[in-house]
Amino acid sequence: MSGSWERELDAAARELDDADTLAFGGVGLAGQILPATEAYRTLEQGLREHPEAARKRIDRLLRKGSPAGRAYAATLLEAVDPAAGRAAWDRLRGDDGEFTTFSGCLMSRATLGDYAADRLAAADGS
């Protein structure tokens, strides 16, 4: 029987499967935390508490998630395994799927490929 933590990880992965927005903090003037951001945080905590189970869900998300979901997954992977994260960003660099990004109150659109290229450039110190 699955534990409650497993159900939480499954629910978080399902949320990111369909995510269309990437935000790591509060958005808008009210600083609202989006459901996808909460799901990201749940998987992030899962990596600390149940690394193998969380990693399976993240790997699946990298293969089958929405463009925003794959960006969340690569970010999570990069935090625990920088080489695997870099490899994920490299694979995603050619993806033209689009999503919305938020940085505080600022909303924009990005392709996964452009976002991945920016992450790789930032990692290289460019």
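Along every chain, residues carry numbers that run from 1 in the direction the sequence is written. Local features in this predicted model are restricted to residues whose pLDDT is 70 or higher, and side-chain atom pairs enter the listing and the counts only when it is 80 or higher, whereas totals over whole chains, interfaces and linings include all residues. Side-chain measures here rest on the full set of heavy atoms in the structure, leaving out hydrogens and waters.

Asker: I'm lost on helix 2 (residues 35-49) in this one. Help?
Answerer: Given 3.6 residues per helical turn, the α-helix brings residues three or four places apart onto the same face. Counting from the N terminus, the helices are the DSSP runs of H or I reaching at least four residues and the strands are the DSSP runs of E reaching at least two. Given the number of residues in a helix, its expected span is that number minus one, multiplied by 1.5 Å. Here helix 2 is 15 residues long and its end C-alpha atoms lie 21 Å apart, about the 21 Å a rise of 1.5 Å per residue gives. Each residue is placed in one exposure class: buried if its accessible area under a 1.4 Å probe, protein chains only, is under 20% of its type's maximum, exposed if it is over 50%, and partly exposed if it falls in between. What helix 2 keeps buried is the set Ala36, Thr37, Ala39, Tyr40, Leu43, Gly46 and Leu47. The contact criterion used is simple: two residues touch if any of their non-hydrogen atoms lie within 4.5 Å. Next to the buried residues of helix 2 lie helix 1 (4-17), strand 1 (21-22), helix 3 (51-64) and helix 4 (67-80).

Asker: For this particular structure, what's the right way to read the packing of aromatic side chains?
Answerer: The pairing test for Phe, Tyr and Trp rings, Trp by its six-membered ring, is centres within 6.5 Å, and the orientation test on the planes gives stacked under 30 degrees, edge-to-face over 60, and tilted for anything in between. For the coordinates displayed, the defined rule picks out 5 aromatic pairs. Geometrically, the ring pair formed by Phe24 and Tyr40 is edge-to-face, given 5.0 Å between the ring centres and 75 degrees between the ring planes. Of this pair, Phe24 sits in the loop between strand 1 and helix 2 while Tyr40 is found in helix 2, placing the two residues 16 residues apart along the sequence. Relative accessible area serves as the criterion here: at 9%, Tyr40 is assigned to the buried category. Aromatic rings pair up to connect Phe24, Tyr40 and Tyr72 into one cluster.

Asker: Looking at this model, I keep getting lost on the side chain of Thr101. Mind explaining?
Answerer: If you trace the backbone, Thr101 turns up in strand 2 (residues 98-103). Judged by its relative accessible area of 12%, Thr101 is buried. Here the side chain of Thr101 touches Ser108 through a polar contact of 2.7 Å, side chain to side chain. Filtering out sequence-adjacent residues up to four positions away, Thr101 remains in contact with Leu22, Leu106, Met107, Ser108 and Ala110. What qualifies as a polar contact is a pair of N or O atoms within 3.5 Å, subject to a donor-acceptor requirement within protein and to the restriction that residues adjacent in sequence count only when both atoms come from side chains.

Asker: Looking at this model, I keep getting lost on the pairing of strand 3 (residues 106-111). Mind explaining?
Answerer: Each regular strand carries side chains that alternate between the two faces of the sheet. A pair of strands is labelled paired if DSSP reports no fewer than 2 bridges between them. Two strands pair when backbone bridges link them, and strand 2 and strand 3 are joined in this way by 6 bridges, in the antiparallel orientation. The residue of strand 3 that forms the bridge with Phe102 is Met107. In this antiparallel pair of consecutive strands, strand 2 and strand 3, the connection spans 2 residues, and Gly104 shows a positive phi of 65 degrees.

Asker: It is not clear to me how the side chain of Arg70 should be interpreted in this structure. Could you clarify?
Answerer: Among the secondary structure elements, Arg70 is positioned in helix 4. Within the structure, Arg70 has its side chain in polar contact with the side chain of Asp95 (distance 2.5 Å). Excluding residues within four positions of it along the chain, Arg70 makes contact with Leu61, Leu62, Gly65, Leu92, Asp95 and Leu112.

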